[in-house]
Amino acid sequence: MARLNVKPTRMELSKLKDRLAISTRGHKLLKDKQDELMRQFITLIRKNNTLRDEVEKELTEAMKAFVVAKSLTNEAFIEELFAVPGKSITLDIQEKNIMSVMVPEMNFTVDEDDKQSEMQYGLLNSNSELDDSIDRINVILPKLLKLSEIEKTCQLMADEIEKTRRRVNALEYLKIPQLKETIHYIQMKLEEDERASITRIMKVKDMGQ
Amino acid sequence: MQDTQYKGVNTLLRVYETKLLLRDDYEKMLRAEGLREALEVLKSTEYLFDEHDVMENKNFDRFLIQRVKNIYDELFEVTPDSEVIQIFSLRYSYHNLKVLLKQRFTGLDLDHLLIPIGKNPLSTLRQLVNARQSDDLNPVMVEGVQLAIEDYETYGRLEAADVFMDTYFYKHMRKICDRLNNPTISQMADVLIDLDNLSTVVRSIHQNKSRSFLHTVLSSSGSISKKAIIDASEQGAVAVLNQLYLDKPYASRLQAVVNDQKDDLDPMVLDKVIDETIDELMEEATFQAFGPMPVIAFLFFVEKEVANIRLILVGKDNQIDENILRERMRPIYGP
């Protein structure tokens, strides 16, 4: 392990000792943060996997039903039904702090005015299969939105865990050993200087006698 | 108009009918391993398409609509009374009006959704939506568009386009059928509108829609009064059927749906039964030697043929199970 390029003085030794103390404390704190992030991340990932499986399964079925329903009528008829959305949804994103990671908290609100309108699309050029597939997609939508929130949170937490892991490793395997080695080197050097100084004084004293 | 005036068209139709796809063709398409194999079957038919382009863009509607448009254009020319053709082409005209109205209301460019099928060119429909007035179009259509625009301007409701165009489509169809003064056509209009109303009410009940919604979407142009349907709907879908439809000639088919599912009606099963009922009516019409009914029946089977081809092609493209496609196949012309 390469030691730091510093002058072996008492002042540097004192500075390095302070830095070592801070690094050791920082390492402990970051290690704790990493552990807690991992714990929360694992919980979230489990939740995410369950929800994703559920959503993927339901969405595949719903999309299959939609494709079949869509194929029963002219594509322009279907596109016309949904050309202008029947309702508008507002997305309100707030930030939540999990172990200093700012994760999104998404709130979806359907416009109150739109709720009053029962007509989502014209019935003339649609069919009951289409109603069924749209109902299925409507049921999945909140889960899909929840999944997007959880996946984004997981992604942000994974980035933070990676960053924290690098910091912990840098401190544990690079910074702290470097500091320790440099402190040891300075201490040795100072002791050596002290011994050299004592020997010189003894020699000077001998020369005087 | 005398029934014999249609003898020329009806003779021509017998030739056209030979160009419709047969059960064997559908079987080959259904059994095809993939989209390319299904398209192979269509190559020997009247459908003209560039296989490479279709395989790349999967735009089946482009060539399907072209075929339908050719048939409508030809029949508009040779049929003594073009309003007979309008009974089916109105659906496209009212679709186009909805698109143009939504375009007017929102400012979006929806031109790609327009379908160039119908007695009146798209420019005439566009002029009606822009100017709210037209001397070339039927007053029923003009009134529908005027009311839709008025409603939007008063209440700002985008669904005005759907509500008014759906309602006026039936009104317009009724008006044409009354003017044609042909008992078979009038009876057909009754069946089509009554069964569409039944399908609408069952779908609405399943979606827990309110009484006022039913009042908005049901058509009053059928033989069963809208109020009676709405009143009966308070007691459920089965009550509507039992109270209002069991005296109809097609009651036995509908009765089977009730028996199967006791106190509820599955809208999807009902839609299939409705299709079969209309198919039966149209099959009878194909055997008539005189009058406009063979033209109407021919158009019905052309529309169903296009729907079946679209279903199979989309199904093959999306690897949908053959049995699911078979279940949803619409009535096929011929043995």
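In what follows, the structure referred to is the one given above.
These remarks concern the structure in this document. (Residues numbered from 1 in each chain as written. Chains lettered and ligands numbered in written order. Predicted model: local features only at pLDDT ≥ 70, side-chain atom pairs only at ≥ 80, totals over all residues. Heavy atoms only, no water.)

### Some words on the interface of chain A and chain B
Inference 1: Residue-level contacts link 30 residues of chain A with 43 residues of chain B.
Inference 2: Across the chain A/chain B interface, buried area totals approximately 3,300 Å², and carbon plus sulfur atoms make up 59% of it.
Inference 3: Counting the contacts that link chain A with chain B gives three salt bridges.
Inference 4: Between A:Glu80 and B:Lys102 there is a salt bridge whose closest N-O contact spans 2.7 Å.
Inference 5: Inspection of the chain A/chain B interface yields twelve residue pairs in polar contact (both at pLDDT 80 or more).
Inference 6: When contributions to the side of chain A that touches chain B are tallied by element, the ones reaching two or more residues are helix H1 (10-71), helix H2 (75-81) and helix H4 (128-208) of chain A.
Inference 7: Ranked by residue count, the leading element in the side of chain A that touches chain B is H2(A), at six residues.
Inference 8: Residues of the side of chain A that touches chain B, tallied by class, amount to twelve nonpolar, nine polar and nine charged. (Contact = heavy atoms within 4.5 Å. Buried area = accessible area lost by both parts, 1.4 Å probe. Salt bridge = Lys/Arg side-chain N within 4 Å of Asp/Glu carboxyl O. Polar contact = N/O pair within 3.5 Å; in protein donor to acceptor, adjacent residues only side chain to side chain. Helix = DSSP H or I, 4+ residues; strand = E, 2+ residues; numbered from the N terminus. Nonpolar A, V, L, I, M, F, W, Y, C, P; charged D, E, K, R; others polar.)

### Some points on a nonpolar patch on the surface
Inference 1: A contiguous nonpolar patch, built from A:Ile89, A:Leu141 and A:Leu144 and spanning about 210 Å² of accessible area, is present on the exposed surface.
Inference 2: Its place among the elements puts A:Leu141 in helix H4. (Patch = residues over 30% accessible without salt bridge, like charges linked within 9 Å, V, L, I, M, F, W, Y side chains within 5 Å. Areas by Shrake-Rupley, 256 points an atom, 1.4 Å probe, with all protein chains shown as cover.)

### A closer look at the packing of helix H1 (residues 7-17) of chain B against helix H16 (residues 293-317) of chain B
Residue and element names in this part refer to chain B.
Inference 1: Taken N-terminus to C-terminus, the directions of H1 and H16 make an angle of 25 degrees; their axes are 9 Å apart at the nearest point. Here H1 lies roughly parallel to H16, going by the angle between them. Both H1 and H16 take part in a crossing whose hand is left-handed. Seen from H1, the contacting residues are Val9, Asn10, Leu13, Arg14, Tyr16 and Glu17; seen from H16, they are Pro294, Val295 and Phe298.
Inference 2: Of the residues in the contact of H1 with H16, the class split is six nonpolar, one polar and two charged. (Axes fitted to C-alpha atoms, helices over the stretch in contact; angles between N-to-C directions. Parallel < 35°, antiparallel > 145°, perpendicular 65-115°, else oblique. Left-handed = near helix turned anticlockwise from the far one by under 90°.)

### Concerning the pattern of salt bridges
Inference 1: Counted under the stated rule, the structure contains 47 salt bridges over all chains.
Inference 2: In this structure, A:Arg136 and A:Asp132 form a salt bridge, with 3.5 Å as the shortest nitrogen-oxygen distance. Placement of the pair is A:Arg136 and A:Asp132 together in helix H4, with a separation of four residues, close to one helical turn.
Inference 3: By relative accessible area, which is 34% here, A:Arg136 ends up partly exposed.
Inference 4: Note that B:Asp275 is salt-bridged to B:Lys304, the shortest N-O span being 3.9 Å. (Buried < 20%, exposed > 50% of the residue type's maximum accessible area, 1.4 Å probe, protein only.)

### Re the packing of aromatic side chains
Inference 1: Applying the stated criterion across every chain, the model contains ten aromatic pairs over all chains.
Inference 2: Ring plane angle 65 degrees and centroid distance 5.1 Å describe the contact between B:Phe169 and B:Tyr170, whose orientation is recorded as edge-to-face.
Inference 3: When its relative accessible area of 1% is taken as the criterion, B:Phe169 is described as buried.
Inference 4: Here the basic side chain of A:Arg3 rests over the ring of A:Tyr185, its NZ or CZ set 3.7 Å away from the ring centre.
Inference 5: The residue whose ring lies beneath B:Arg67 is B:Tyr47, and the NZ or CZ to ring-centre distance is 5.2 Å. (Phe/Tyr/Trp six-rings, centres within 6.5 Å; stacked < 30°, edge-to-face > 60°. Lys NZ or Arg CZ within 6 Å of the ring centre and 35° of its normal.)

### Examining the pairing of strand E2 (residues 101-110) of chain A
All names here are of chain A.
Inference 1: Here strand E1 (residues 89-98) pairs with E2 via ten bridges, running antiparallel. For Asp92, the partnering residue across the bridge sits in E2 and is Asn107.
Inference 2: Hairpin geometry of E1 and E2 is characterised by an intervening segment of two residues between the two adjacent antiparallel strands and by a positive phi of about 50 degrees at Met99. (Pairing = 2+ DSSP bridges.)

It is worth stressing that arrangement in space is one thing and function is another; only the former is reported here.
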